[in-house]
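Residue-level listing of the chains:
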Amino acid sequence: GSLVTIYFDIRSFTDISNSASIEINGLPYASTKRSVGAILHRYVDTLDDGIVAYVDTGLSTVKFLNNTSAGWAGTTYADINSSSAILAGTITYRTV
């Protein structure tokens, strides 16, 4: 088929001071259409704006974005405030 669905449940973060964006790399196919999925999260500082999972057109990477007063920003490891943090969700994207 032309749809890929992934489920993720990310836990046990060890480096919560890193300012790099959290991403899931190495999806099996690149997306041909921008897709967004819902996230369940715990112990992540988002200023109550929530987080979405996002796969952009042409990419094979899930990015995590939160809304800020300046616009969308990548959720970083430094946004995690506990080693017990959770990022879990599902996203489906089109490949053709």
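See the structure shown above.
This one's a predicted model, so the numbers in the text were calculated from it and none came from an experiment.

What counts and what doesn't
- Residues numbered from 1 in each chain as written.
- Predicted model: local features only at pLDDT ≥ 70, side-chain atom pairs only at ≥ 80, totals over all residues.
- Heavy atoms only, no water.
- Helix = DSSP H or I, 4+ residues; strand = E, 2+ residues; numbered from the N terminus.
- Buried < 20%, exposed > 50% of the residue type's maximum accessible area, 1.4 Å probe, protein only.
- Contact = heavy atoms within 4.5 Å.
- Core = buried A, V, L, I, M, F, W, Y, C linked by side-chain atoms within 4.5 Å.

## What to know about the overall build of the chain
Then, number 1: Along the chain, the regular secondary structure elements total zero helices and seven strands.
Then, number 2: Mapped from its N terminus to its C terminus, the chain presents α and β elements in the order β-β-β-β-β-β-β.
Then, number 3: On the principal axes, the C-alpha backbone points of the chain span a range of 40 × 30 × 20 Å.
Then, number 4: In the chain, which comprises 96 residues, the share counted as buried stands at 35%.
Then, number 5: Taking as baseline every contact in the chain between residues at least 6 positions apart, the subset at least 24 positions apart corresponds to 73%.

## Thoughts on the nonpolar core
Then, number 1: Core analysis: the largest hydrophobic core is formed by 18 residues, its most contacted members being Val62, Phe64 and Leu87.
Then, number 2: Of all the secondary structure elements, the ones that give two or more residues to this core are β1 (3-10), β4 (51-55), β5 (62-68) and β7 (86-94).
Then, number 3: If sequence neighbours within four positions are ignored, Val62 has contacts with Ile6, Ile22, Glu23, Ile24, Leu27, Ala53, Tyr54, Val55 and Ile91.

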